[in-house]
Amino acid sequence: MSGQVLETPLTRLVGVRHPVVQTGMGWVAGPRLVTAVANAGGLGILASATMTLDQLTAAVREVKERTDAPFGVNLRADASDAGDRIDLLIKEQVKVASFALAPKPDLIAKLKDAGVVVIPSVGARRHAEKVAAWGADAVLVQGGEGGGHTGAVATTLLLPQVVDAVDIPVIAAGGFFDGRGLAAALAYGAAGVAMGTRFLLTADSAVPEEVKRVYLGTTETVVTRQVDGMPHRVLRSDLVDALERSGRVSGTVRALRNAAAFKKISGMSWRAMLADGRAMKHGKDLSWSQVLMAGNTPMLLKAAMVDGRPDLGVMASGQVVAVLDDLPGCAELIDAIVAQAAGRIAAQHAYLTRATTPR
């Protein structure tokens with residue numbers, strides 16, 4: 001355990017030792033990884049979009065059995081059973097609810113009244129302003145360097161815009177992997193950093209070893225719309241290149257096949273899936289063709305992240321994959337990040353002190 005302490009508005013809000021967040025990555029952020037991050041002093045977040053309600057219940061209870069530290073759950077605010085999942089978080093006294101799509105004010109109020117910290121993720125200043133006005137406790141802002149669904153604005157431009165626009169803690173994501181990044185984010189005014197790819201590539205991640213080797217041997221990512229119709233940063237691969245070349249008919253057939261497969265493993269009815277699709281379309285202003293393609297995402301990710309078949313699946317990744325070459329444990333990683341950040345901050349303070357001291 002690191003002896004270094006960097007107290008920020010995030011650590012005080014959530015009750016963690018270190019201002020480091022592990023993002024809720026589908027099929028990746030399960031109880032094993034979340035527990036390791038929580039026990040290391042960071043904020044681990046369970047990914048629930050690929051879990052049934054029963055599976056989420058079991059996952060939450062497993063984490064609680066393995067750690068007393070705070071942790072969070074990532075939710076889809078537009079899911080047909082979002083209310084049931086929120087009730088579960090309240091019942092189980094989960095500390096943090098994070099959202100990729102902003103929850104409505106009534107859901108935020110319900111969670112806050114129960115003592116749950118609400119942290120939506122955003123990719124634009126105006127979205128941060130909206131959720132702050134709705135009562136969110138903090139906001140996670142991801143720049144274009146980040147993996148998975150991403151935007152086009154770099155973190156170094158987006159982060160200061162959001163920090164200047166809201167008066168709640170801001171967590172920076174997109175391009176972070178070490179203590180230098182944490183020190184830089186704090187200098188910008190952020191309250192901490194969030195990382196996905198860096199935590200995926202740890203010894204505590206349940207991602208198959210053969211898939212981790214693919215990540216460690218790859219330096220190139222690409223943003224494609226051929227997975228689910230929205231910009232998605234993934235590792236470049238033969239499959240992704242084939243998806244980029246595929247036409248509308250083959251893409252539709254693939255999406256229908258994957259939607260049927262996800263229906264089977266999720267236990268959802270076609271009626272429930274259609275309801276989710278309508279909510280997704282309204283919440284993100286998507287075309288029906290884009291909604292249909294959304295069936296690709298969970299199954300193409302599962303093929304790599306669970307089944308260990310990178311040749312048959314896509315691998316979401318931030319650009320930081322190009323500089324990662326090891327698989328540390330979460331405790332080792334977080335300790336190193338905090339120690340390096342504290343060292344950089346102290347060194348900069350000493351440098352500035354020398355520079356301004358009369359001679």
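The following paragraphs examine the structure supplied in this document. (Residues numbered from 1 in each chain as written. Predicted model: local features only at pLDDT ≥ 70, side-chain atom pairs only at ≥ 80, totals over all residues. Heavy atoms only, no water.)

## Considerations on the overall build of the protein
No. 1: When its secondary structure is counted, the protein shows 16 helices and 11 strands.
No. 2: In the protein, which comprises 359 residues, the share counted as buried stands at 54%.
No. 3: Long-range pairs, those at least 24 residues apart, make up 61% of the contacts in the protein between residues at least 6 apart in sequence.
No. 4: Within the structure as shown, the protein displays about 15,900 Å² of accessible surface, and the carbon and sulfur contribution to it stands at 53%. (Helix = DSSP H or I, 4+ residues; strand = E, 2+ residues; numbered from the N terminus. Buried < 20%, exposed > 50% of the residue type's maximum accessible area, 1.4 Å probe, protein only. Contact = heavy atoms within 4.5 Å. Areas by Shrake-Rupley, 256 points an atom, 1.4 Å probe, with all protein chains shown as cover.)

## Describing the nonpolar core
No. 1: Counting 50 residues, the largest nonpolar core has Val 139, Val 162, Val 170, Phe 199, Leu 200, Tyr 215 and Met 305 as the members making the most contacts within it.
No. 2: Of the residues forming this core, the biggest block, seven residues, is contributed by helix H16 (residues 330-356).
No. 3: For Val 162, the contacting residues outside a window of four places in its chain are Arg 125, Ala 128, Val 139, Val 141 and Val 170.
No. 4: Of all hydrophobic cores here, the second largest spans 22 residues; its members include Phe 71, Ala 77, Ile 86 and Ile 108. (Core = buried A, V, L, I, M, F, W, Y, C linked by side-chain atoms within 4.5 Å.)

## Considerations on unusual backbone geometry
No. 1: Even without being a glycine, Trp 27 presents a positive backbone phi close to 70°.
No. 2: Position of Trp 27 relative to the elements: it lies in the loop between strand S1 (20-22) and helix H2 (31-39).
No. 3: For Gln 93, which is not a glycine, the phi torsion comes out positive at approximately 55°.
No. 4: Tracing the backbone shows Gln 93 in the loop between helix H4 (82-91) and strand S4 (96-99).

## Description of the sheet that holds S1
No. 1: One closed barrel accounts for eight strands, arranged S1-S2-S3-S4-S5-S6-S8-S9; its pairing is parallel. The sheet shows a mean angle of 25° between the axes of neighbouring strands, taken without regard to direction.
No. 2: Where helix H8 (residues 179-188) meets the sheet, its contacts fall on S1, strand S8 (170-173) and strand S9 (192-195), and the angle it forms with S9 comes to roughly 135°. (Pairing = 2+ DSSP bridges. Axes fitted to C-alpha atoms, helices over the stretch in contact; angles between N-to-C directions.)

## Section: the pairing of strand S11 (residues 232-235)
No. 1: Where strand S7 (residues 148-149) meets S11, two bridges bridge the pair, whose relative direction is antiparallel. The partner of Gly 148 across the bridge, within S11, is Arg 233.
No. 2: In this structure, strand S10 (residues 221-224) lies alongside S11, joined through four bridges in antiparallel fashion. When the bridges of S11 are listed, Val 222 appears paired with Val 234.

## Some words on the sheet that holds S7
No. 1: Taken in spatial order, the three strands make up an open sheet running S7-S11-S10, and their pairing is antiparallel. Every other strand in the sheet has two partners, leaving S7 and S10 as the edge strands with one partner each.

## Brief notes about the pattern of salt bridges
No. 1: On inspection of all chains with the given rule, the structure shows 16 salt bridges.
No. 2: Among the ionic pairs, Asp 178 bridges to Arg 180, the shortest N-O distance being 2.7 Å.
No. 3: For Arg 180, a relative accessible area of 41% gives the class partly exposed.
No. 4: Beyond isolated ion pairs, a larger network of salt bridges with shared partners links Arg 61, Lys 64 and Glu 92. (Salt bridge = Lys/Arg side-chain N within 4 Å of Asp/Glu carboxyl O.)

## Notes on the side chain of Arg 85
No. 1: The topology assignment puts Arg 85 in helix H4.
No. 2: Among the residues examined, Arg 85 registers a relative accessible area of 8% and is labelled buried.
No. 3: Excluding residues that lie within four positions of it along the chain, Arg 85 makes contacts with Ser 48, Met 51, Thr 52, Leu 53, Leu 56 and Leu 75.

## A closer look at the environment of Pro 19
No. 1: For Pro 19, the position within the fold is in the loop between helix H1 (9-14) and S1.
No. 2: Given a relative accessible area of 0%, Pro 19 falls into the buried group.
No. 3: Apart from residues lying up to four places away in sequence, Pro 19 is in contact with Leu 6, Thr 8, Leu 10, Thr 11, Leu 182, Ala 191, Gly 192 and Val 193.

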